[in-house]
Amino acid sequence: MKSIIFTGLSAAAVACACFALPAQAAGEAKNVIFFLGDGMGPTTVTASRIYKYGETGKLNMESLKRTARVKTYSNDAQTTDSAPSMSAYMTGVKMNNEVISMSADTKASDSTGKAYVTSAGDSTCPGGNGTPVATVLELAKAAGKSVGAVTTTRATHATPAATYSHVCHRDGENNIAAQAAPGNAAYNTALKDGLDVLLGGGRRQFLPSAAGGKRTDGVDLTTQFPGYTYVTTGTALKTVDPAATNKLLGLFNMDHLNYELDRVKSNIDEPSLADMTEKAIRILQKNGNGYFLMVEGGRIDHALHGTNAKRALEDTIAFDDAIKRALSMVDLSNTMIVVTADHDHTMTINGYSHRGNPILGTVTDIKTKQPATAADGLPYTTLVFGNGGSPRKTPRDNPALVDTTADGYLQEVGVNLGAPGSETHGGGDVMLFSTGPGNAALKGTIDNTKVFGVVKSALGL
Ligand SMILES: [Zn+2]
């Protein structure tokens, strides 16, 4: 190829144009908000877009101009679970499945495959089994920034846990809770004066068994957050004055928060993810040194495990609404926004339906707009899963005779794994959307570990 020679610009004009390029120096982002849609693979993004905005519409996350494709395999598995993938984003280290923010040599179970955790949620990790690795949240805290984690799952579930705790098996949630409590002996001192905001579910991990919780040590951890405002309902969260609150603990359910569909339909007194995100930002942004906030749409994953596409799409929209809320509140000249997922699922979009066909409906013929049929002569749904616990029957139920858009409809699956909720994660790559200073390297096909380095250097840590 011939070289191209510009003739119309003087040397001075070229130098001037170079000067005009925006500086992309490390440390230019004062704040980072890291949005994680648990299990929100590319198909879930597409299906949610069609569900809410139609084929030509756009999710709020899709307004972020810079995109990347992210490889999510873990240290020991082709298909990751949430623990090592979120840990990779937060620490830059690929670790084994089930491990939370520990070194790559950390094992989640013994040589017989027995997990290092009791059924009550107490860790049995032996000494010498790996070492903690610093998370970007801890590094931000050490640099004088405020930090927070917000989720719709238990606050001790794998994704939020990977931001602020270290344990060899993700199910050691009683230990994870103790690591967040500044007044407890097992507190993670790398959090300095503590998470400034922690919002989600999972009260059971903070309460003793005598109070209906899971703790076997008899401790009420909610009393070991000195200086914190503690709330347990959506109504109470609304009354929290960010100007007068520097530390906030909100545990709005004993277990995970309800799915968005149920929260709204049944008028449950839990906050929306958008409202939690707004409250967190208002508290954290008071710090002149900036902040790091992680926001998880955590129940997208659970609905997908249950092959209940409708609840997954509704929770994805709620997650996307939280992104919209954040975008409306922050200064994008000093705040980096990252939106991604920890792994895919096995949901796929079937057939050649005509445009405008409901994404939760059955596949149609483009021309006739009548149901297309499978080899057995029966219609089939647009969304199906590669595996799961809602198997095809032989003969199949006729999808034309049931409402496939009903709240409780479970999509058909290819491989029958038997138990309800058993659909597996997918091993495919996920999307990453970003905007704001320091995000230039978040493009192309990258490893999840690389995201850590970009965020860290953007914050100047
Ligand atoms: Zn999952």
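Computed from a predicted model, the values in this text were never measured in an experiment.

J.: Before we go on, may I ask you to explain the overall build of the protein in this structure?
T.: Within the protein, the regular secondary structure consists of 12 helices and 15 strands. Relative to its length of 461 residues, the protein is compact, with a C-alpha radius of gyration of 23 Å against a globular reference of 23 Å. For the protein, the residues scored as buried account for 56% of the 461 residues in total. A separation of at least 24 residues holds for 72% of the contacts in the protein among residues at least 6 apart in sequence. Total accessible area computed for the protein in this model is approximately 18,600 Å², and 53% of it derives from carbon and sulfur atoms. Side-chain charges in the protein split into 42 positive and 43 negative, and the spacing between the mean points of these groups amounts to 6 Å.

J.: Got a minute to help me understand the state of the cysteines in this structure?
T.: Formally, a disulfide is one covalent bond, and it connects the sulfur atom of one cysteine to the sulfur atom of another. Tallied over the entire structure, the rule returns one disulfide. One disulfide in the model links Cys 125 with Cys 168; its S-S distance is 2.1 Å. Torsion about the S-S bond of the Cys 125 and Cys 168 cystine: about -100°, corresponding to left-handed handedness. One end of the pair, Cys 125, is in the loop between α3 (82-91) and α4 (136-142); the other, Cys 168, is in the loop between α5 (158-164) and α6 (173-180), with 43 residues separating them in the sequence.

J.: Would you take a moment to explain the coordination of the zinc ion for this structure?
T.: Around a metal, the perfect tetrahedron of four donors has angles of 109.5 degrees, and the perfect octahedron of six donors has angles of 90 or 180 degrees. Surrounding the zinc ion are the protein donor atoms Asp 301 (OD), Asp 301 (OD), His 305 (NE2) and His 425 (NE2), at 2.1 to 2.4 Å. Seen from the zinc ion, its four donor atoms lie at angles of 57 to 150°, and the figure they make is irregular. Mapping the donors of the zinc ion onto the primary sequence gives the spacing D-x3-H-x119-H. Of the two residues, His 305 is situated in helix α10 (residues 300-305) and His 425 in strand β13 (residues 425-426); the sequence distance between them amounts to 120 residues.

Here is what the cut-offs are and how they apply
- Residues numbered from 1 in each chain as written.
- Predicted model: local features only at pLDDT ≥ 70, side-chain atom pairs only at ≥ 80, totals over all residues.
- Heavy atoms only, no water.
- Helix = DSSP H or I, 4+ residues; strand = E, 2+ residues; numbered from the N terminus.
- Rg over C-alpha atoms; globule rule 2.2 N^0.38 Å.
- Buried < 20%, exposed > 50% of the residue type's maximum accessible area, 1.4 Å probe, protein only.
- Contact = heavy atoms within 4.5 Å.
- Areas by Shrake-Rupley, 256 points an atom, 1.4 Å probe, with all protein chains shown as cover.
- Lys, Arg positive; Asp, Glu negative; His and termini not counted.
- Charge placed at Lys NZ, Arg CZ, Asp CG, Glu CD.
- Disulfide = S-S within 2.5 Å.
- Donors = N, O, S within 2.8 Å, 3.2 Å for Na, K, Ca; no water.
- Tetrahedral: all angles 85-135°; square planar, octahedral: opposite > 155°, others 65-115°.

No statement about biological role is implied by the geometric values presented.
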